[in-house]
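Coordinate analysis (summary)
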Amino acid sequence: MSLDYLMDIARPMLEGAQTTIILFLIAILLSIPLGYCITLLANSSIRILSWLAHTFIYVIRGTPLLLQLLFFCFGLPMLPVIGEYLVMDRFMAACLGFVINYAAYFAEIFRGGLLSIDKGQHEAAKVLGLNKWQTMRKVILPQMTRVALPAMANESITLVKDTALLYAVAVPELLHYAQTAVNRDFTIMPFVVAGVIYLLMTLVLTLFFKALERRFKYE
Amino acid sequence: MTMIEVSDMKKTYGSVDVLQKVRFTVEPGEVVAVIGPSGSGKSTMLRSLIHLEEIDGGSIRIGGESLVEDGRYAAPSVIRQITSRMGMVFQHFNLFPHLTVQQNLELAPKMVKRENAALIRSRSTELLAKVGLADKAGAHPAKLSGGQKQRVAIARALMMSPDILLFDEPTSALDPELTGEVLQVIKQLASEKITMVIVTHEMNFARDVADRVIFMDNGEIAESGTPEQIFGNPQLERTRAFLKL
C-alpha cells in the first residue's frame with residue numbers, strides 16, 4: 001500500500017469531509033438556540049405552548065432520524081398544495097432535518113439543566129430586583145450551561161457521526177467517497193481512512209468541550 | 001411613617017390556613033424578631049412581605065404604600081417598586097455560585113440600578129470590609145464557609161441600600177460555631193438603625209437584638225411584646241411551652 005494511493009483516496013474524502021463539517025456547523029449553530037427556545041416554550045405557563053413543545057420533542061425523539069431525513073428530502077415536495085413550494089436542494093433539506101432533530105434533543109438537555117437549578121436562585125434574583133430576562137441571562141443560563149455541557153458534548157459527537165446519514169439521501173460526503181473507493185479498488189483501506197478522519201473530528205470536539213468545561217468550572 | 005403595616009393577612013393552602021388574621025406594624029429603625037415552632041407560618045409571613053408568596057386576604061403596606069390592599073395586589077410595576085425597598089437574607093444563602101463574591105454583590109446594582117461602575121466597586125469593597133470578608137472578594141462561594149457565605153449574602157442585600165432587611169432563619173443552616181459571626185454582623189446593623197424583621201430560632205439572639213418579639217403559632221400571632229415581656233413573663237401557656245419556661 002503506497003503513500004501515493006493513500007493521498008489519492010484521501011483527497012476526495014477530505015472534500016467530502018468538508019460537506020460533513022459544514023453540515024455539522026449549520027446543525028450545531030442553529031439547533032442549540034432553537035433547542036433553547038423549545039425549552040422555554042416547554043416551561044411556559046401558557047398550556048398550549050408547553051403542550052406543543054412537548055409534543056414536538058416526543059415526535060422527533062420517537063422517530064428515526066433517517067426517517068426524518070427521508071421525509072425532509074423526498075417527502076416534503078410530495079405534500080399536497082404546499083409541496084411544490086418545498087422543493088429544495090437535498091443538502092439544505094437534510095440540514096433542516098438535522099437542525100430540527102438535534103433541537104429536540106438539545107431542548108431536553110437544557111430542560112434537565114434548568115430543573116437542576118435551585119429555586120432559591122430565582123428567589124435571590126427576584127428580591128434583588130432583577131427582572132425575568134436579567135435573571136435568565138445572568139443567573140440561570142450560565143449555571144444551566146455548566147450542567148448541560150457534558151451532555152451537549154455527547155450530543156455533538158453523535159452529530160458528527162450522524163452526518164454519515166447523508167449517504168442515505170445521496171448527498172456526497174465523507175462516507176460516500178470512501179464507499180466509492182472501496183467498490184472501485186477492492187480494498188478496505190478507504191474505510192480505515194474514513195474512520196481516522198471521523199476520529200480526528202471528534203477528537204477536536206472532545207478537546208473543545210473539555211476546555212469549555214474547565215472554563216465553566218467555578219470553584 | 002410606619003415602615004411595615006400588616007393587617008388581617010390571610011393565606012390558605014387548600015383547606016389549611018397557614019396564616020390567619022396576622023396583624024402587626026414595624027416602625028422605622030425597629031428590629032423585630034419573629035419566633036415560633038416550625039410550621040407556624042413565620043417564614044410564609046416574612047416571604048409575603050417581599051412578594052415571594054402571595055396572600056389571599058388582608059393588606060400589606062410598606063412605607064405607606066400598598067403592596068396589597070384587602071387581598072388585591074398592586075400593579076406589577078408598583079409591586080416591583082415597593083419590594084425594591086426591601087432586602088432579604090435566606091436560610092440557604094442563595095448566593096450565585098458562578099460569580100465571585102464581589103460579582104455577587106455587584107450584579108444587581110449593575111443590572112437594576114445601572115449605577116456607575118466605579119461607585120459600585122467602591123461600595124462593594126466597603127461592604128465586604130464591613131462584614132469582614134475583604135480578602136474573599138475574588139473567591140467563588142464554593143470556597144467559603146457557611147458563616148462567610150451568609151455574611152456575603154447580607155452584604156449583597158445591603159448593596160441595594162434597602163430601607164428594610166428581612167432575615168429568614170439566617171443561622172439555621174450553619175454549624176453552631178459559625179452562627180456567632182453572622183449574628184455579630186446583624187447586631188451591628190441593628191445598632192445602625194436599619195429596620196429589620198428576623199425570623200429566628202436563636203432565642204438568646206432575639207432577646208439581645210430585638211426591640212420587639214412576635215411569637216407565632218398555628219398561623220397567627222399569639223403574643224407579641226418587648227423581649228423582657230415575652231421571655232421574662234409570657235402571658236400565654238403555649239408561649240411558655242414553646243420557650244420551655
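See the structure above.
Below is a summary of the structure that appears in this document.

Cut-off values and rules
Residues numbered from 1 in each chain as written. Chains lettered and ligands numbered in written order. Predicted model: local features only at pLDDT ≥ 70, side-chain atom pairs only at ≥ 80, totals over all residues. Heavy atoms only, no water. Helix = DSSP H or I, 4+ residues; strand = E, 2+ residues; numbered from the N terminus. Rg over C-alpha atoms; globule rule 2.2 N^0.38 Å. Buried < 20%, exposed > 50% of the residue type's maximum accessible area, 1.4 Å probe, protein only. Contact = heavy atoms within 4.5 Å. Areas by Shrake-Rupley, 256 points an atom, 1.4 Å probe, with all protein chains shown as cover. Buried area = accessible area lost by both parts, 1.4 Å probe. Salt bridge = Lys/Arg side-chain N within 4 Å of Asp/Glu carboxyl O. Nonpolar A, V, L, I, M, F, W, Y, C, P; charged D, E, K, R; others polar. Expected span 1.5 Å × (residues − 1). Arc of directions from axis to C-beta. Polar contact = N/O pair within 3.5 Å; in protein donor to acceptor, adjacent residues only side chain to side chain. Axes fitted to C-alpha atoms, helices over the stretch in contact; angles between N-to-C directions. Parallel < 35°, antiparallel > 145°, perpendicular 65-115°, else oblique. Left-handed = near helix turned anticlockwise from the far one by under 90°. Phe/Tyr/Trp six-rings, centres within 6.5 Å; stacked < 30°, edge-to-face > 60°. Pairing = 2+ DSSP bridges.

**Description of the overall build of chain B**
- Along its length, chain B carries nine helices and 11 strands.
- A globule of 245 residues ought to have a C-alpha radius of gyration of about 18 Å, and chain B, at 18 Å, matches this closely.
- Summarising its shape, the C-alpha atoms of chain B cover approximately 50 × 45 × 35 Å along the three principal directions.
- Within chain B, the fraction of its 245 residues that count as buried is 56%.
- Contacts spanning at least 24 positions in sequence make up 63% of the contacts within chain B whose residues lie at least 6 apart.
- Total accessible area computed for chain B in this model is approximately 10,400 Å², and 47% of it derives from carbon and sulfur atoms.

**Details of the interface of chain A and chain B**
- Contacts between the two partners involve 20 residues from chain A and, on the opposite side, 22 residues from chain B.
- Taken over both partners, the interface formed by chain A and chain B buries close to 1,900 Å², and the fraction arising from carbon and sulfur atoms is 68%.
- Counting the surface chain A buries against chain B, the share from its top three residues, A:Val127, A:Leu128 and A:Tyr218, is 33%.
- Where chain A packs against chain B, one counts one salt bridge.
- Among the elements that line the side of chain A that touches chain B, the one with the most residues is helix α5 (residues 119-127) of chain A, at eight residues.
- Considered class by class, the residues forming the side of chain A that touches chain B number eight nonpolar, five polar and seven charged.

**Looking at helix α4 (residues 117-130) of chain B**
Residues and elements named next belong to chain B.
- Here α4 is 14 residues long and its end C-alpha atoms lie 20 Å apart, about the 20 Å a rise of 1.5 Å per residue gives.
- Within the sequence span of α4, burial applies to Ile120, Arg123, Ser124, Leu127 and Leu128. Take α4 and look down its axis: the buried residues cluster within an arc of 135 degrees, on one side only. Among the exposed residues of α4, those pointing more than 90 degrees away from its buried face are Ala118 and Glu126.
- Buried residues along α4 sit against α3 (101-113) and α5 (146-158).
- Two or three places before alanine 118, at the opening of α4, asparagine 116 has a side-chain oxygen 2.8 Å from that residue's backbone nitrogen.

**Here's the deal with the packing of helix α4 (residues 90-115) of chain A against helix α6 (residues 132-162) of chain A**
All names here are of chain A.
- Following both chains from N to C, one finds α4 and α6 inclined at 140 degrees, their axes separated by 8 Å at the closest point. Regarding the angle of α4 to α6, the classification is oblique. The handedness of the crossing between α4 and α6 comes out as right-handed. Contacts between α4 and α6 involve Phe98, Tyr102, Tyr105, Phe106, Ile109, Phe110, Gly113 and Leu114 from the first element and Met136, Ile140, Met144, Val147, Ala148, Ala151, Met152, Glu155, Ser156, Thr158, Leu159 and Asp162 from the second.
- Of the residues contributing to the contact of α4 with α6, the split by class is 15 nonpolar, three polar and two charged.

**Here's the deal with the packing of aromatic side chains**
All names here are of chain A.
- Tallied over the full model, the rule gives eight aromatic pairs over all chains.
- A ring pair is formed by tyrosine 36 and phenylalanine 110, whose centres lie 6.1 Å apart and whose planes are at 75 degrees; its orientation type is edge-to-face. With tyrosine 36 in helix α1 (residues 3-42) and phenylalanine 110 in helix α4, this pair connects stretches of sequence that are 74 residues apart. For the pair tyrosine 36 and phenylalanine 110, a shared accessibility class is recorded, and that class is buried.

**With respect to the sheet that holds strand β7 (residues 86-89) of chain B**
Residues and elements named next belong to chain B.
- Read from one edge of the open sheet, six strands run β7-β8-β9-β3-β10-β11, paired in mixed fashion. Bordering the open sheet on either side are β7 and β11 (220-225), each of which pairs with just one other strand. The mean inter-strand angle of the sheet, taken between neighbouring strand axes irrespective of direction, is 20 degrees.
- Taken strand by strand, helix α1 (residues 42-49) contacts β3 (31-35), β7, β8 (164-168), β9 (195-199) and β10 (212-217), and its axis lies near 150 degrees from that of β8.
- Of the strands in this sheet, β3, β8 and β9 touch helix α6 (residues 176-191), which is tilted by about 145 degrees from β9.

**Brief notes about the packing of α1(A) against α4(A)**
All names here are of chain A.
- At a closest axis distance of 6 Å, the pairing of α1 and α4 adopts a crossing angle of 45 degrees. Relative to α4, the element α1 is oriented oblique. Classified by chirality, the crossing of α4 by α1 is right-handed.
- Of the residues in the contact of α1 with α4, the class split is 21 nonpolar, four polar and one charged.

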